[in-house]
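Understanding the architecture of this molecule
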Amino acid sequence: MMREMTLLMQCFKKSNRFLGLDFLRKFGFWLMIAVLGLASGRVFPAVDQTEHRVSLTGSDTLSPLLAIWAEQLTRHAPWVTLEIQASGSATAPIALAKGSAVIGPMSRRMTREERQRIKVTRGREPLEWPLALDAVALFVHPSNPLNGLSLQEVEQVFAEVPLCTPNPTVQRWGELPSYQQTHHPKQAWFGRFKLRLIGRSSLSGTHHHVRSKALCGGLFRTGMAELPSAASVIQAVAREPSAIGYASLSAKASGVKPLHLDGIKPGAVSIQKGTYPWSRTLYLYVMPPVSKEASWPQGLWKVLSWIYGEQGQMALVARGFTPIADQDLKQIQSFIQKHKPVFTVTHRGVQ
């Protein structure tokens, strides 16, 4: 290798007197790349940018994890371009139907109507894969004396008109039975605070989840602040002692306190067992090839194999999500492997 490089540099210097310097610099650079490639026994194929551009549109809850996967893939497979739009789960079916995305991460399950619209416009429904287990948690300011609420009280706090139970809504912390039973006399002043409600936008799967689980499909109270991301909910609650907000448990919950629901603490154990009332499954919706036996586009296959591979799953756990069951993971990995392209381009060549 050193002998080949020495000969190349000698030829380059001798040619300076006959050709322009700018031309020689460019020529020399690409010639050097060619020699190195031949010497290492590798071939560098042309990269089809369309083949390796992968667009994801959907859940904001999953956006921090998607960003981590994108960063990892940039180092491992720089020829893959990952384009991420995280405006809420409701945007995933729309993007898949339009063809502006091939992967739709969602923090709720896609409805039958949404799947049908995709089938009408694209000719086929997306594949539905579980991605991770998560939970929606209630967060309050650390100065709040409460450690938990009942589901009945949650409806009293957030509902415009309670539908699950006939109990009236409450306006102040002191009106809640849990507060009346647990607060210390020295903290009686807190009960006079008016509830400040913080939630997610209607595009969010988290908004849909709480409305379904806590309000029996009813409406949130007028005046609740609807914020675009889990991080913004956490920040708002951390600034306001009288606030209560809901967000994914995976959110970086600095400066806030998660509440128990019906006496159950939100965490990996209660999520896996399904005992925590607001546990949920997060999904990945993928537009399949036209034929069942067709191989995946190379970029799409690389993204999916990374997400459901060892490194992707380690990042998932590190970001605060709970992995899916082993049998589900192995089934998805087997499906992805079955649709592997003829060859995979990496930053080192063809494997």
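All of these numbers come straight from a predicted model, not from anything done at the bench.

Moving on, we get to the side chain of Thr322. Take Thr322: it is sitting in the loop between helix H12 (310-318) and helix H13 (326-338). Here Thr322 falls in the buried class, since its relative accessible area comes to 5%.

Our focus in this paragraph is the state of the cysteines. Per the stated rule, a full pass over the model turns up 1 disulfide. Covalent S-S linkage joins Cys164 and Cys216, the inter-sulfur distance amounting to 2.0 Å. Taking the torsion about the sulfur-sulfur bond, which here is approximately 125°, the covalent link between Cys164 and Cys216 counts as right-handed. In this pair, Cys164 sits in the loop between helix H6 (151-158) and helix H7 (177-182) while Cys216 sits in the loop between helix H8 (205-214) and strand S7 (225-227), placing the two residues 52 residues apart along the sequence.

To continue, consider the packing of helix H3 (residues 63-76) against helix H11 (residues 298-307). For any two helices packed against each other, the geometry is given by the interaxial angle and the distance between the axes. H11 packs onto H3 with a crossing angle of 120° between their chain directions and a minimal axis gap of 11 Å. Regarding the angle of H3 to H11, the classification is oblique. Of the two elements, H3 crosses H11, and the hand of that crossing is right-handed. Counting all contacts with H3, which are made through Trp69, Gln72, Leu73 and His76, the residues of H11 involved are Lys302, Val303, Trp306 and Ile307. Tallied by class, the residues present in the contact of H3 with H11 amount to 5 nonpolar, 2 polar and 1 charged.

So, about the nonpolar core. A general trend in soluble globular proteins is that nonpolar side chains are found buried together. With 43 residues, the main nonpolar core has Leu138, Phe158, Ile244 and Trp278 as its most contacted residues. Going through the elements one at a time, strand S4 (127-140), H6, strand S6 (196-200), H8, helix H9 (230-239) and strand S8 (243-248) are the ones with two or more residues in this core. Beyond its immediate chain neighbours, meaning those up to four positions away, Trp278 contacts Asp134, Ala135, Val136, Leu138, Leu151, Val154, His209, Val210, Lys213, Ala214 and Leu261. Core analysis: the second largest hydrophobic core is formed by 32 residues, Trp79, Trp129, Leu300 and Trp306 among them.

Let's shift gears to the confidence of the model for the protein. For the protein, the mean per-residue pLDDT works out to 85, and 81% of the residues sit at or above 70. Long-range and interchain partners of residues 15-21, a stretch whose pLDDT sits below 50, account for 4 contacts in this model, where long-range means more than four residues apart. Ignoring residues within four places in sequence, the model shows residues 344-351, a span with pLDDT below 50, making 27 contacts including any to other chains.

Before going further, it helps to spend a moment on unusual backbone geometry. Within the chain, Cys216 stands out as a residue other than glycine whose phi angle is a positive 55°. The partly exposed category is assigned to Cys216, whose relative accessible area is 45%.

Let's shift gears to helix H5 (residues 112-122). Listing the buried residues of H5 in full gives Glu114, Arg115 and Ile118. One side of H5 carries all its buried residues, which in axial view fall inside an arc of 100°. Facing away from the buried side of H5 by over 90 degrees, the exposed positions are Arg112, Arg117 and Val120. Check the buried side of H5 and you find it contacts helix H4 (91-98), strand S3 (103-106), S4 and strand S11 (279-286). Directly after H5, the chain includes Gly123, whose backbone phi takes a positive value near 85°.

About the thresholds
- Residues numbered from 1 in each chain as written.
- Predicted model: local features only at pLDDT ≥ 70, side-chain atom pairs only at ≥ 80, totals over all residues.
- Heavy atoms only, no water.
- Helix = DSSP H or I, 4+ residues; strand = E, 2+ residues; numbered from the N terminus.
- Buried < 20%, exposed > 50% of the residue type's maximum accessible area, 1.4 Å probe, protein only.
- Disulfide = S-S within 2.5 Å.
- Axes fitted to C-alpha atoms, helices over the stretch in contact; angles between N-to-C directions.
- Parallel < 35°, antiparallel > 145°, perpendicular 65-115°, else oblique.
- Left-handed = near helix turned anticlockwise from the far one by under 90°.
- Contact = heavy atoms within 4.5 Å.
- Nonpolar A, V, L, I, M, F, W, Y, C, P; charged D, E, K, R; others polar.
- Core = buried A, V, L, I, M, F, W, Y, C linked by side-chain atoms within 4.5 Å.
- pLDDT = per-residue confidence, 0-100.
- Arc of directions from axis to C-beta.

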